[in-house]
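One letter stands for each residue in the lines below.
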Amino acid sequence: MAALDIALFDLVAEDGAALPPFSAGSHVDVFLPNGLVRQYSLCNDPVESHRYQIAVLKDAGGRGGSCAMHGAVHLGDALSISAPKNHFPLAHAAESSLLLAGGIGITPLLCMAERLSAIGQPFSMHYCARSSERMAFVERIRGARFAEQVAFHFDDGAAEQKLDIPGLLQTPASGVHLYTCGPKGFMDAVLSAARQAGWPEHQLHSEFFSAEPIRKADDGGFEVQLASSGRVIPVAADQSVAAALAAAGVPVATSCEQGVCGTCLTRVLEGEPDHRDMYLTPDEQAAYNQFLPCCSRSRSARLVLDL
Ligand code: FES
């Protein structure tokens, strides 16, 4: 255990071989014993090749992934995982970086801190948690070469140590890139404060762990057409596009089914998607040429998909 309700796992190759390299911000898909697939950010130093390290917050109200990791996976068990993928990379153009972590969202940002420190690029990190007992990696950070660049904040602590997000972000500077990860409320607060202060979108980087499905009272049915065959598949008002495609025998690969992981990303050739994901940037969403069929819908009567 790395903190209250946070379990730390070292994943090593069964034969002890070196693992494929990864960059800061990467995650792996973990195939759980109960059949679920979950994404976990790698939190070790990316120079390491002998292990991938992940930290998992137990969420008793979740959909079963974290509870399986806490209850059904034991030291020495074999797990299948994907190769590392990175949807949350460091921007090479950054002159300096600001890392804002909420709770378990420290995992990809800790890896970024290791990397930025190793390449001598300026950064500072703010790490917020509900309480000290829920804060993982404190000793590791205090012992790191970048310890002085990290400030800790506790929800249950004195008012003066709490993070003033709007105050911190009030003056955007060109060349400073902001990275945030954590619970949705924390990230929404960070991103909305940054946007209100005028931070350009290309300087904002975020990765959501989970999202609540967005349902609207006037959600109706629509059609999707497969560009390869011309086949038209109806999507019912209470059905996702991914579910309609699977029912029609043309499943797209899915994982989170919440619009956060990007696994189901599909090109849109015609029509206007109604984006409901947390994965695409606002600019990518506005291009209307791709969408996440696990959660997003359609504003037009038909979407033609590159399938
Ligand atoms: S399955 Fe994760 S975004 Fe669609």
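These remarks concern the structure in this document. For every chain, the first residue of the written sequence is number 1, and numbering continues from 1 along that sequence. Local features in a predicted model are, by the rule used here, given only for residues with pLDDT of at least 70; side-chain atom pairs are given and counted only at 80 or more, and totals for whole chains, interfaces and linings are based on all residues. Note that the side-chain values use all heavy atoms of the structure and ignore hydrogens as well as water.

Some details on the overall build of the protein
Secondary structure follows DSSP: runs of H or I at least 4 residues long count as helices, runs of E at least 2 residues long count as strands, and numbering of each begins at the N terminus. The helix and strand tally for the protein stands at seven helices and 17 strands. Our radius of gyration looks at C-alpha atoms and nothing else; its globule reference is 2.2 Å times the residue count to the power 0.38. Taken over C-alpha atoms, the radius of gyration comes to 20 Å for the protein, in line with the 19 Å a tight globule of 307 residues would show. A principal-axis box enclosing the C-alpha atoms of the protein has dimensions of 60 × 50 × 35 Å. For the exposure calls, accessible area comes from a 1.4 Å probe over protein chains only, and a residue counts as buried if that area is under 20% of its type's maximum, exposed if over 50%, partly exposed in between. Per-residue burial for the protein yields a buried fraction of 49% across its 307 residues. Only heavy atoms matter for contacts: two residues are in contact if any of them lie within 4.5 Å across the pair. For the protein, restricting intrachain contacts to residue pairs at least 6 apart in sequence, the fraction spanning at least 24 positions comes to 66%. With residues, only the protein chains shown are counted as cover, and all accessible areas are computed by Shrake-Rupley using a 1.4 Å probe. Of the accessible surface of the protein, which amounts to about 14600 Å², a share of 51% is contributed by carbon and sulfur atoms. A distance of 3 Å separates the average location of the 22 positive side-chain charges in the protein from that of its 34 negative side-chain charges. Charge assignment in this entry is limited to Lys and Arg as positive and Asp and Glu as negative, and neither His nor the chain termini are counted. Charge positions are represented by NZ for Lys, CZ for Arg, CG for Asp and CD for Glu.

Side note on the nonpolar core
Membership of the largest hydrophobic core comes to 51 residues, with the highest contact counts inside it found for Ile54, Met69, Leu99, Leu109, Met125 and Ile141. Broken down by element, the residue count for this core peaks at seven residues, all from helix 2 (residues 106–118). Note on terminology: a nonpolar core comprises buried Ala, Val, Leu, Ile, Met, Phe, Trp, Tyr and Cys residues joined through side-chain atoms within 4.5 Å.

Digging into the pairing of strand 7 (residues 123–129)
Within strand 7, six of the seven residues are buried, which leaves it mostly tucked inside the rest of the structure. Sheet topology places strand 6 (residues 96–102) next to strand 7; six bridges connect them, and they run parallel. The residue of strand 7 that forms the bridge with Leu99 is Met125. Handedness of the crossover joining strand 6 and strand 7 through helix 2 is recorded here as right-handed. Any two strands with at least two DSSP-identified bridges between them are counted as paired. Handedness is read with the strands pointing away from the viewer; a crossover is right-handed when the path from the first strand over the helix to the second is clockwise.

Thoughts on the sheet that holds strand 11 (residues 222–226)
Paired through their backbone hydrogen bonds, the strands of a sheet run either parallel or antiparallel. If you trace the five strands from one edge of the open sheet to the other, you get 12-11-17-13-15, paired in mixed fashion. A strand with exactly one partner marks an edge of an open sheet, and here the two such strands are strand 12 (232–235) and strand 15 (290–291).

Shape descriptors only; they carry no functional weight alone.
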